[in-house]
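# Structural characterization, general
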Amino acid sequence: MPVFLPFAGCRTRCLYCASSAQTGLPDAAGGDRGLAAALASLEKALQERKARMAPPVELGFYGGTFTALPDMWTERFLALAAAFRACGTVSAVRCSTRPDAVSLPQLARLKALGLGAVELGVQSFDDEVLARSLRGYAGAVASEACRLVRAAGLELGIQLLPGLPGHSPAMFMDDVRTACSLGPSTMRLYPCVVFRGTGLERLHARGEYVPWSLDTAADACAEALGVTWEHGVRVIRMGIAQEPGLEHQIVAGPYHPAFGSMVRGRALAPLLLRRIAALGCPPRRLMAPQHVRGEFWGYRGECKARYAEAGLTPDAVFWWQAPLFFLQ
Ligand code: SF4
């Protein structure tokens, strides 16, 4: 259950960020009023879930710099979550924040208040890319922040933002490998899009920034997904979540409502094609897990031709409940 606190705790505005536009919620950076309203609306939503005995939910405080909020506010949000955890309405609590807004004592304090996971908006580990996006920290700070989260006994999530100014698919792959080496439990990949009203929009209008194409972003994320699979890291989001009116806020860039599904289809194909090639003959039969059925042939069947070239056609593919592929 996301609890968006747009820009709350943010000291600066990053070049690309449109936290309010993305969530459709007012800016909460203004201070106590916005935060009090968010707290009240969270309490109401949790009361309502409790009343109808809804299944427990994990709360996620997103959209700002949660760990940079005044202590009073982190305490109030986490105390509310703890109260509803005690009665089974809330199962766990996570937040997102900036890599330069965490310290070991403060993470330990938040953990003692019930926080279970921290997602760091790393975006990239490349110093030049970070500087051009006005992030205000270097890659080494991001790596250290990842270590601090784990040292505090919290679950680590890493968010990457491929396609920022000066970023290439090869640099993104370096970022993904670095991220995986830091032991995250989860990752999110948000290819950079140009939002209205951002510094990036002004660069784009002047011709000084060209976003990645949808194909470039999908191929890069598919390759990245293969790496995360090898490391056992769960990618819990690819592409920006659809919110009402979101498309009107996007000026340019690789946005697609089915981005994650498109990427998963493209990530799976090379893995299976390698296995098919290793057979040394066209496959007679592939048993595939039922849960990949919707994405197996790729978005709108875009991977079908590649499978057909390798001799795998739909009549040779069968679905089963086992979480394994079986090829013969
Ligand atoms: S720190 Fe995060 S939420 Fe705040 S302005 Fe930068 S990208 Fe947006």
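Residues numbered from 1 in each chain as written. Predicted model: local features only at pLDDT ≥ 70, side-chain atom pairs only at ≥ 80, totals over all residues. Heavy atoms only, no water.

Here the focus is the sheet that holds strand β1 (residues 2–4). In any sheet, the strands associate via hydrogen bonds between backbone groups, in a parallel or an antiparallel arrangement. Read across the open sheet, the 7 strands follow the order β1-β2-β3-β4-β5-β6-β8; overall the sheet is parallel. Where the open sheet ends on each side, the last strands, each with one partner, are β1 and β8 (234–238). The average undirected angle you get between the axes of adjacent strands in this sheet is 20°. Where strand β5 (residues 155–160) meets strand β6 (residues 186–189), 4 bridges bridge the pair, whose relative direction is parallel. (Pairing = 2+ DSSP bridges. Helix = DSSP H or I, 4+ residues; strand = E, 2+ residues; numbered from the N terminus. Axes fitted to C-alpha atoms, helices over the stretch in contact; angles between N-to-C directions.)

Below, the discussion takes up helix α9 (residues 214–231). Helical geometry note: an α-helix holds 3.6 residues per turn, so side chains three or four residues apart project in the same direction. Over its 18 residues, α9 runs 26 Å from end to end, which matches the ideal 26 Å to within 8%, given 1.5 Å per residue. Among the residues of α9, Ala217, Ala218, Ala220, Cys221, Ala222, Ala224, Leu225, Gly226, Val227 and Thr228 are the ones counted as buried. Looking at the buried residues of α9, the elements they touch are α7 (169–181), β6, β8 and α11 (259–279). Backbone geometry just after α9 places glycine 232 at a positive phi near 70°. (Expected span 1.5 Å × (residues − 1). Buried < 20%, exposed > 50% of the residue type's maximum accessible area, 1.4 Å probe, protein only. Contact = heavy atoms within 4.5 Å.)

Counting buried positions along strand β4 (residues 117–123) gives 7 out of 7 residues, so the element sits mostly inside the fold. With burial as the criterion, each face of β4 is covered, one bearing Ala117, Glu119, Gly121 and Gln123 and the other bearing Val118, Leu120 and Val122. In terms of strand pairing, strand β3 (residues 90–97) meets β4 through 4 bridges, oriented parallel. Across the sheet, residue serine 96 finds its bridge partner in β4, namely glutamate 119. Here β4 pairs with β5 via 6 bridges, running parallel. Among the inter-strand pairings, glycine 121 is bridged to a residue of β5, identified as glutamine 159.

Attention now moves to the packing of aromatic side chains. For the coordinates displayed, the defined rule picks out 11 aromatic pairs. Taken together, a centroid distance of 6.5 Å and an interplanar angle of 45° make the contact between tryptophan 320 and phenylalanine 326 tilted. Overall, tryptophan 320 belongs to the partly exposed group, its relative accessible area being 28%. Taken together, the ring pairs in this structure connect Phe61, Phe66, Trp73 and Phe77 into an aromatic cluster. Directly above the ring of phenylalanine 7 sits arginine 13, whose terminal nitrogen or CZ lies 3.6 Å from the centroid. A cation over a ring is seen here: lysine 304 above tryptophan 297, with NZ or CZ 5.9 Å from the ring centre. (Phe/Tyr/Trp six-rings, centres within 6.5 Å; stacked < 30°, edge-to-face > 60°. Lys NZ or Arg CZ within 6 Å of the ring centre and 35° of its normal.)

Where α7 contacts α9, the two axes come as close as 10 Å, and the packing angle between them is 25°. The angle between the axes of α7 and α9 places the two elements in the roughly parallel class. The hand of the α7/α9 crossing is right-handed. Across the interface between the two elements, Pro169, Phe172, Met173, Val176, Arg177 and Cys180 from α7 touch Thr216, Ala220, Cys221, Glu223, Ala224, Val227, Thr228 and His231 from α9. (Parallel < 35°, antiparallel > 145°, perpendicular 65-115°, else oblique. Left-handed = near helix turned anticlockwise from the far one by under 90°.)

It is worth spelling out the domain arrangement of the chain at this point. Under the domain assignment, the chain is made up of domain 1 (2–257) and domain 2 (278–327). The straight-line distance from the C-alpha centre of domain 1 to that of domain 2 is 34 Å. (Domains from an automatic or database assignment.)

Now for the site of the ligand. Looking at the ligand, the residues that line it are Phe7, Cys10, Thr12, Arg13, Cys14, Tyr16, Cys17, Gly63, Gly64, Thr65, Arg98 and Arg135. Tallied by class, residues from the shell around the ligand come to 5 nonpolar, 4 polar and 3 charged. (Near = heavy atom within 4 Å. Nonpolar A, V, L, I, M, F, W, Y, C, P; charged D, E, K, R; others polar.)

So, about the nonpolar core. Leu5, Phe61, Phe77 and Leu160 are the most contacted members of the largest nonpolar core, which totals 65 residues. Ranked by residue count, the leading element in this core is α9, at 8 residues. Apart from the residues within four sequence positions on either side, leucine 160 is in contact with Val122, Gln123, Ser124, Phe125, Phe172, Asp175, Val176, Ala179, Met187, Arg188, Leu189 and Tyr190. (Core = buried A, V, L, I, M, F, W, Y, C linked by side-chain atoms within 4.5 Å.)

The next thing to look at is the pairing of strand β10 (residues 286–289). Both faces of β10 are covered, namely the face carrying Leu286 and Ala288 and the face carrying Met287 and Pro289. Relative to strand β11 (residues 317–320), β10 is paired through 4 bridges, and the arrangement is parallel. Considered in β11, the bridge of leucine 286 is made with valine 317. Crossover handedness for the path β10 to helix α12 (residues 304–309) to β11: right-handed. Summarising the sheet, β10 and strand β12 (residues 326–327) pair through 2 bridges and their orientation is antiparallel. Bridge assignment links leucine 286 to a residue of β12, and that residue is leucine 327. (Right-handed = clockwise from strand over helix to strand, strands pointing away.)

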